[in-house]
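Analysis of the macromolecular model
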Amino acid sequence: MNMKLKYELLKEEKSTKARLGKIITKYGKYQTPMFMPVGTLATVKTLAPEEIKETKAGIILANTYHLWLRPGEDIVNEAGGLHKFMNYDGPILTDSGGFQVFSLANSKDISEEGVAFKNQLNGDRLFLTPEKSIEIQNKLDSDIAMSFDECPPASASHDYLKQSIERTIRWAKRGKDVHNNKNQALFGIVQGGPHEDLRKYSATETVKLDFDGYSIGGVANDGEDKEAMYKAIDYSIPYLPKDKLRYLMGVGEPIDIIEGVIRGVDIFDCVLPTRLARHGNALTKYGKINIKNKKYKKDFTPLDSTCDCYACQNYTRSYIKHLISCNETFGARLLSIHNIRFLIRLTEELRQAIENDNILEYKQEFIKNYYGDKYE
């Protein structure tokens, strides 16, 4: 079945900009706000597609840059696209590869044409252009492709950011001009750091290009504080159309998801839940815990007694501590299942709070439980 993903706004919360929405895809309908697990190399680390589905995940992410290097977009294309290649029968979003490229490139390697950088696997010189990024994503056959943008550091000057935004807008147009997968939605990216004038400029100019959805970028860079992140959202949202999806890139800290939703964001992604899991950390209603801690050795309760995930329904903190202490991968799998489900449950609760028009009360209750006295 051929169809491009669509978004429908269902309700706005009475006292905030929070939105309840619906994404319609050929794989079914999914409600927003939504958290999207990250599957960088066409796999959410340690988990099978069936386990991802059991967490009630909708859209998942794959990484254009990494799949370009291995196994190559032509192999994925020959396999029948990402969905068949990785056996995931739900919607997939591919990023543009920009974030990875810019972490590998020097500013002198960025030109109007594209970005030159070194292949981190074998040292080869590579060159990625807006056209090439879109061509790769067309072949990967994801449901949502992202425009190729520059992701400047949070510390970049106003002047540099202005020039960067102008180039990103030109790149977005170039990418849109060559995009030729009629089943794939293409999103534009708003940049501008913490500056109100630049966010407004970037959003209004990007919206003029008429993308299928819009993302707010440059908020998960190293060195950016939470207030700067929230300002970047506040400065971008008013200029984005109400009838299209809004995506905050690379954000997965629970409070940041809540603050993003309150400000009008629909979808989020982050490697946080699986990365925390591999280091023995679990997200719980009463805060983050490190399961390696000695006190969990004889703790025969679930990771989180309020959680309905497979890990919490079947295993104890004591057993998972044992697995992690012995470097057994099953421990990382159980924690990954739980952490992903935790963030997806958070977005389910936020949807209910929007429905009930009490999202600010929900936020206060969440902070009290999760952060206790530690939250400022």
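Up top is the structure.
Below you will find a few notes about this structure.

1. A look at helix H7 (residues 158-178)
Its 21 residues place the ends of H7 31 Å apart at the C-alpha level, agreeing with the 30 Å of an ideal helix rising 1.5 Å per residue. Every buried residue of H7 is accounted for by Leu 161, Ser 164, Ile 165, Arg 167, Thr 168, Ile 169, Trp 171, Ala 172, Arg 174 and Gly 175. Looking at the buried side of H7, the elements it contacts are helix H5 (98-104), strand E7 (115-118), helix H6 (130-140), strand E10 (185-190) and helix H8 (196-208).

2. Points about the packing of H6 against H7
Interaxial distance between H6 and H7 falls to 8 Å at its minimum, and their mutual angle equals 40°. Between H6 and H7, the angle is such that the two are oblique. The handedness of the crossing between H6 and H7 comes out as right-handed. Along the contact surface, H6 presents Pro 130, Glu 131, Ile 134 and Asn 138, while H7 presents Trp 171, Arg 174, Gly 175 and Val 178. Of the residues that constitute the contact of H6 with H7, the class distribution is 4 nonpolar, 2 polar and 2 charged.

3. Focus: the nonpolar core
Membership of the largest hydrophobic core comes to 97 residues, with the highest contact counts inside it found for Leu 82, Val 115 and Phe 117. Looking at this core, the element that brings in the most residues is helix H14 (residues 329-355), giving 11 residues. With sequence-adjacent residues up to four places away left out, Phe 117 is seen in contact with Tyr 65, Trp 68, Val 101, Leu 104, Ala 105, Asp 124, Arg 125, Leu 126 and Leu 128.

4. Re the pairing of strand E3 (residues 28-32)
Pairing of strand E2 (residues 19-25) with E3 involves 5 bridges; the strand directions are antiparallel. Counterpart to Ile 24 in the pairing with E3 is Lys 29. Joining the antiparallel neighbours E2 and E3 is a turn of 2 residues.

5. Quick word on unusual backbone geometry
Glycine aside, residues mostly have negative phi, and peptide bonds are mostly found in the trans state. Cis geometry is found at the peptide bond from Thr 32 to Pro 33, where omega equals 5°. In this structure, Pro 71 follows Arg 70 across a cis peptide bond, with omega equal to 0°. By the element assignment, Pro 71 lies in the loop between helix H2 (64-69) and helix H3 (73-78). Of note in the backbone geometry, Asp 141 takes a positive phi value of approximately 65° without being a glycine. Along the chain, Asp 141 turns up in the loop between H6 and strand E9 (144-146). Backbone geometry at Asp 357 places phi at a positive 55°, although glycine is not the residue there. Counting through the fold element by element, Asp 357 comes out in the loop between H14 and helix H15 (359-370). The exposure class assigned to Asp 357 is partly exposed, which follows from its relative accessible area of 22%.

6. Details of the side chain of Asn 181
Along the chain, Asn 181 falls in the loop between H7 and E10. Under the relative-accessibility criterion, Asn 181 is labelled buried at 11%. At a separation of 3.3 Å, a polar atom in the side chain of Asn 181 contacts the main-chain carbonyl oxygen of Asn 138.

7. Let's talk about the environment of Lys 294
Tracing the chain through its elements places Lys 294 in the loop between strand E15 (287-290) and helix H12 (310-314). Overall, Lys 294 belongs to the exposed group, its relative accessible area being 72%. For the pair Lys 294 and Phe 127, spaced 167 residues apart in sequence, the C-alpha separation works out to 49 Å.

8. Points about the packing of aromatic side chains
The full count for this structure, using the stated rule, is 11 aromatic pairs. Centre to centre, the rings of Tyr 315 and Tyr 319 are 5.4 Å apart; their planes meet at 20°, and the pair counts as stacked. For Tyr 315, a relative accessible area of 21% gives the class partly exposed. Given a relative accessible area of 32%, Tyr 319 falls into the partly exposed group. An aromatic cluster is present here, built from Phe 342, Tyr 362, Phe 366, Tyr 370 and Tyr 371 joined pairwise through their rings. When the ring centre of Tyr 88 is taken as reference, the NZ or CZ atom of Lys 53 above it lies at 5.4 Å. The ring of Tyr 201 has Lys 162 lying over it, and the distance from NZ or CZ to the ring centre is 4.8 Å.

9. Notes on the sheet that holds strand E11 (residues 213-216)
Pairing within the open sheet is parallel, and its 8 strands lie in the order E4-E13-E12-E11-E10-E9-E6-E5. Looking along the sheet, the strands with just one partner apiece sit at the ends: strand E4 (34-37) and strand E5 (60-62). Each strand axis lies, on average, 30° off the axis of its neighbour in the sheet, ignoring direction. As defined by bridge partners, E5 adjoins strand E6 (residues 92-94) across 3 bridges and the pair is classed as parallel. Bridge pairing in E6 links Ala 62 to Thr 94.

10. Looking at the packing of helix H9 (residues 226-236) against helix H10 (residues 254-262)
For the pair H9 and H10, interaxial distance at closest approach is 10 Å and the crossing angle is 25°. On the basis of the axis angle, H9 is roughly parallel to H10. When the axes of H9 and H10 are compared, the crossing they make is right-handed. Along its contact with H9, which presents Lys 226, Met 229, Tyr 230 and Ile 233, the element H10 presents Ile 255, Asp 256, Glu 259 and Gly 260. Class assignment of the residues belonging to the contact of H9 with H10 gives a composition of 4 nonpolar, 1 polar and 3 charged.

Cut-offs used in this document
Residues numbered from 1 in each chain as written. Predicted model: local features only at pLDDT ≥ 70, side-chain atom pairs only at ≥ 80, totals over all residues. Heavy atoms only, no water. Helix = DSSP H or I, 4+ residues; strand = E, 2+ residues; numbered from the N terminus. Expected span 1.5 Å × (residues − 1). Buried < 20%, exposed > 50% of the residue type's maximum accessible area, 1.4 Å probe, protein only. Contact = heavy atoms within 4.5 Å. Axes fitted to C-alpha atoms, helices over the stretch in contact; angles between N-to-C directions. Parallel < 35°, antiparallel > 145°, perpendicular 65-115°, else oblique. Left-handed = near helix turned anticlockwise from the far one by under 90°. Nonpolar A, V, L, I, M, F, W, Y, C, P; charged D, E, K, R; others polar. Core = buried A, V, L, I, M, F, W, Y, C linked by side-chain atoms within 4.5 Å. Pairing = 2+ DSSP bridges. Polar contact = N/O pair within 3.5 Å; in protein donor to acceptor, adjacent residues only side chain to side chain. Phe/Tyr/Trp six-rings, centres within 6.5 Å; stacked < 30°, edge-to-face > 60°. Lys NZ or Arg CZ within 6 Å of the ring centre and 35° of its normal.

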